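# Inside the fold
This is what each chain is made of:
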Amino acid sequence: YTIRAYQGGTLKGEMKGTFSGGNFTSDASSLKSMNLPNGTYDFIAFNDDVTINGNELKVERTDVETARMGITTTTITATPAKQMVNFTMKHVGARLRTQFVCKKDIPENITATLEQTAANVIPTSVVYNPTTKAYTSTNGVMTAETCNSPASTENKYGASGFGRIYAYTSTSDYHYFLPTTEGSKLKLTFNAGTVFWKPLTGSLSQLNATLQMQANKSYVVKIKLKPLYTYLFHDGTTGFLKDKGTRTPVGIVIKPGLAVALNDANGGAKCMWDTNPATWNSQSNQTMYKTNFATGYNTYNGEEETWNPAYSYPTHQIKGDIPTYTAIYKAGHYGQLLTSKGIPVTGNLLNRWFLPSYGEWKEAITTLAFFNPSQTTNWAQYREMYGAIVSEAFTQVGGDDLFPNQMLLYWSSSEYDGFYAVILDTNTAYGIFRDWAKSNLHCYARAFVRY
């Protein structure tokens, strides 16, 4: 270390040596002490990563991680003859790391590159002037740096309250910069890492719009990751909500060609699967699934069980046109419910809504709420999901929350046996498939559509 004494910006004394245990020991070739007249002085201590150029003290970015400097103003009096000056050593540079935050777990490492937004916009050296007590920077070439961060380690599902709060984190190592570096002059380009449904691509064109780094500061730039749901609009087109223009959302896309309605059928009221007592204990579909959970779990025939007479038993009938099959009928006529609200839907969006099978319900909660279908192999198995994440996608456009805090029961078109139909029993945290009496009035109907 070197210790210098300045008065009014003029150098009055200098010593060189080492610090150990908080005490300074002079080098053999250096003065052992400074003999200073009474007065007020600015004392500066700095290590060998700071180079001396006359009165100016210079630090290169290549040395910024370890460059140290301590500055203190002290008044020297006539007595005692020996007086001590205390330094608080500080980093000349600043350090910065990025942290992704998310409401669901981050399953993979995120690999990215931190780089300058243009040529020569990042300080590569700074000079501290004891006279002005200010840093002056010189920009130069910044080599792109790897900025990777690991998969999140927080408890899956529960850590965020099943999607309520930004609990999952992925934090990079530190990057070191000189004072006056601006966050707006840095960008982060993604190379790999999947969050939600797709790999991260592209870049953040500005790491931070307002940040100007200061000496001895540590910064974390937090980057929120949010799912961007695709909506089905009244004219049959799809897109993000921010691009809707004059279009009216009527559903949320599960996968290309399949969407779930924003609101419950039957005007939001609960309904029976079957209101005809004569058929409460009779087979109504061509196939029942009491002993074939896995088969139905991977069968996507709700549209056929609603509209195709070949899927009815024993007589071939279109259940979507029979009001006594209330849940199926109300889901099938969801388009008419939309037109009654003044939403001008046509084509499939008017006439081909249907009550989903439980395989299609599985597909919906897997995509929208990140349910893990491989964990469910039989009836009545509770499995976790991030229901709170998708809730906002429905409610922000006036839809009925599909995954609220309390349990909701939703009919499927699938039959368990002659007396029972298959339902989705769901809330913010869990999804479960089980049987429910067709005559029960505790379930809702939610329509799907192939567009």
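What this report covers is the structure whose coordinates are included nearby.

Criteria and thresholds
Residues numbered from 1 in each chain as written. Predicted model: local features only at pLDDT ≥ 70, side-chain atom pairs only at ≥ 80, totals over all residues. Heavy atoms only, no water. Core = buried A, V, L, I, M, F, W, Y, C linked by side-chain atoms within 4.5 Å. Buried < 20%, exposed > 50% of the residue type's maximum accessible area, 1.4 Å probe, protein only. Helix = DSSP H or I, 4+ residues; strand = E, 2+ residues; numbered from the N terminus. Contact = heavy atoms within 4.5 Å. Phe/Tyr/Trp six-rings, centres within 6.5 Å; stacked < 30°, edge-to-face > 60°. Lys NZ or Arg CZ within 6 Å of the ring centre and 35° of its normal. Polar contact = N/O pair within 3.5 Å; in protein donor to acceptor, adjacent residues only side chain to side chain. Pairing = 2+ DSSP bridges. Axes fitted to C-alpha atoms, helices over the stretch in contact; angles between N-to-C directions.

## Examining the nonpolar core
- Among the nonpolar cores identified, the biggest contains 69 residues, and Leu188, Ile252 and Phe433 are the most heavily contacted of them.
- No other element matches the six residues that helix H6 (residues 358-369) contributes to this core.
- If we ignore the near neighbours within four places in the chain, the residues touching leucine 188 are Thr98, Phe100, Ala112, Thr113, Leu114, Cys147, Gly202, Ser203, Leu204, Leu207 and Ile223.

## Thoughts on the packing of aromatic side chains
- Summed over the entire model, instances satisfying the criterion amount to 30 aromatic pairs.
- A centroid spacing of 6.2 Å and a plane angle of 85 degrees characterise the contact between tyrosine 416 and tyrosine 420, whose relative ring orientation is edge-to-face.
- We classify tyrosine 420 as partly exposed; its relative accessible area is 29%.
- Here a set of aromatic residues connected by ring pairs shows up, and it is made of Tyr289, Phe293, Tyr297, Tyr358, Trp379, Tyr416, Phe419, Tyr420 and Phe433.
- Lying over the aromatic face of phenylalanine 370, lysine 104 brings its terminal NZ or CZ to 5.1 Å of the ring centre.

## Some words on the side chain of threonine 299
- You can see threonine 299 is positioned in the loop between helix H1 (293-297) and helix H2 (302-307).
- A polar side-chain atom of threonine 299 sits 2.6 Å from the main-chain carbonyl oxygen of threonine 295.
- Ignoring any residue separated from it by four or fewer positions in sequence, one finds threonine 299 in contact with Tyr289, Ser357, Gly359 and Glu360.

## Observations concerning the pairing of strand E1 (residues 2-7)
- Counting buried positions along E1 yields five of six residues, so the element is predominantly enclosed.
- Relative to strand E4 (residues 39-46), E1 runs antiparallel, the two being bridged by five bridges. The residue of E4 that forms the bridge with arginine 4 is isoleucine 44.
- Here E1 folds back onto strand E2 (residues 10-20) in antiparallel fashion, the turn holding two residues, of which glycine 8 has a positive phi close to 60 degrees.

## Some details on the sheet that holds strand E21 (residues 230-233)
- Taken together, six strands build an open sheet; the order of strands is E22-E21-E23-E24-E30-E25 and the sheet is antiparallel. Edge positions in the open sheet fall to strand E22 (238-240) and strand E25 (353-354), since each of these has one partner strand only.
- In this structure, E21 lies alongside strand E23 (residues 249-255), joined through three bridges in antiparallel fashion. Looking at the pairing, leucine 232 lines up with glycine 251 of E23.
- Sitting on the sheet, H6 touches E23, strand E24 (258-261), E25 and strand E30 (448-450), and the angle it makes with E23 is about 90 degrees.

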